[in-house]
Amino acid sequence: TERDAIQTLQKAVSKICTKYSVQGRDQEALAAAVASCGAAAQAREEVIVRVTQDKEAAEARVQLLQEEIQRAASKQLASVPEVGEGQLAAMEDKLAALWKMVDDMLMQKQRLEKQLAAALGGSSAPPQ
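Just so you know, these numbers come straight off a predicted model, no measurement behind them.

Colleague: Could you give me a rundown of the pattern of salt bridges, with the residues and numbers involved?
Modeller: All told, the structure shown has 4 salt bridges when counted by the stated rule. In this structure, the salt-bridge partner of Lys-55 is Glu-59, at a minimum N-O distance of 2.9 Å. Of this pair, Lys-55 and Glu-59 are both found in helix 2 (residues 24-79), 4 residues apart, which corresponds to roughly one turn of the helix. The buried category is assigned to Lys-55, whose relative accessible area is 7%. A salt bridge links Lys-109 to Glu-113, with the nearest nitrogen and oxygen atoms 3.9 Å apart.

Below is the structure:
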């Protein structure tokens, strides 16, 4: 993991400083460089966690919306014995609005997947 790599780097820098008698500002500069790498790795890890959580939350919202649409459609079909044209148009409008919400959530999910892939450095493709 990145933390292990940073710890290994810290140990190596310490050994180098001891072996070559690096002291003072040079030793401080090396330690600061290693600390900077550690901070960058930690920040990257936090971004990956946050984007993953956002993506999972978006997927859950999409799933709930799809289930709600299915229930609403079933309920509408079961409860309406005869539908006039005006009622049918209103239901079509409501259904179109619900599908737009689902499409918006799917686009948000895709954006989050792209953010996750970018946060991971493009090293892995997002799951389908």
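Colleague: Tell me about helix 1 (residues 2-19), residues and numbers included.
Modeller: Residue pairs spaced three or four apart in an α-helix point in one direction, given the helix's 3.6 residues per turn. Its 18 residues give helix 1 an end-to-end C-alpha distance of 25 Å, which sits within 8% of 26 Å, the value for a rise of 1.5 Å per residue. Taken residue by residue, helix 1 has Ile-6, Val-13 and Cys-17 as its buried positions. Taken around the axis of helix 1, the buried residues stretch over an arc of 35 degrees, which confines them to a single face. Looking at helix 1, the residues exposed on the side facing more than 90 degrees away from the buried face are Thr-8, Lys-11, Lys-15, Thr-18 and Lys-19. Looking at the buried positions of helix 1, the neighbouring elements they touch are helix 2. At the exit of helix 1 stands Ser-21, carrying a positive phi of roughly 55 degrees.

Calculation rules
Residues numbered from 1 in each chain as written. Predicted model: local features only at pLDDT ≥ 70, side-chain atom pairs only at ≥ 80, totals over all residues. Heavy atoms only, no water. Salt bridge = Lys/Arg side-chain N within 4 Å of Asp/Glu carboxyl O. Helix = DSSP H or I, 4+ residues; strand = E, 2+ residues; numbered from the N terminus. Buried < 20%, exposed > 50% of the residue type's maximum accessible area, 1.4 Å probe, protein only. Expected span 1.5 Å × (residues − 1). Arc of directions from axis to C-beta. Contact = heavy atoms within 4.5 Å.

Shape descriptors only; they carry no functional weight alone.
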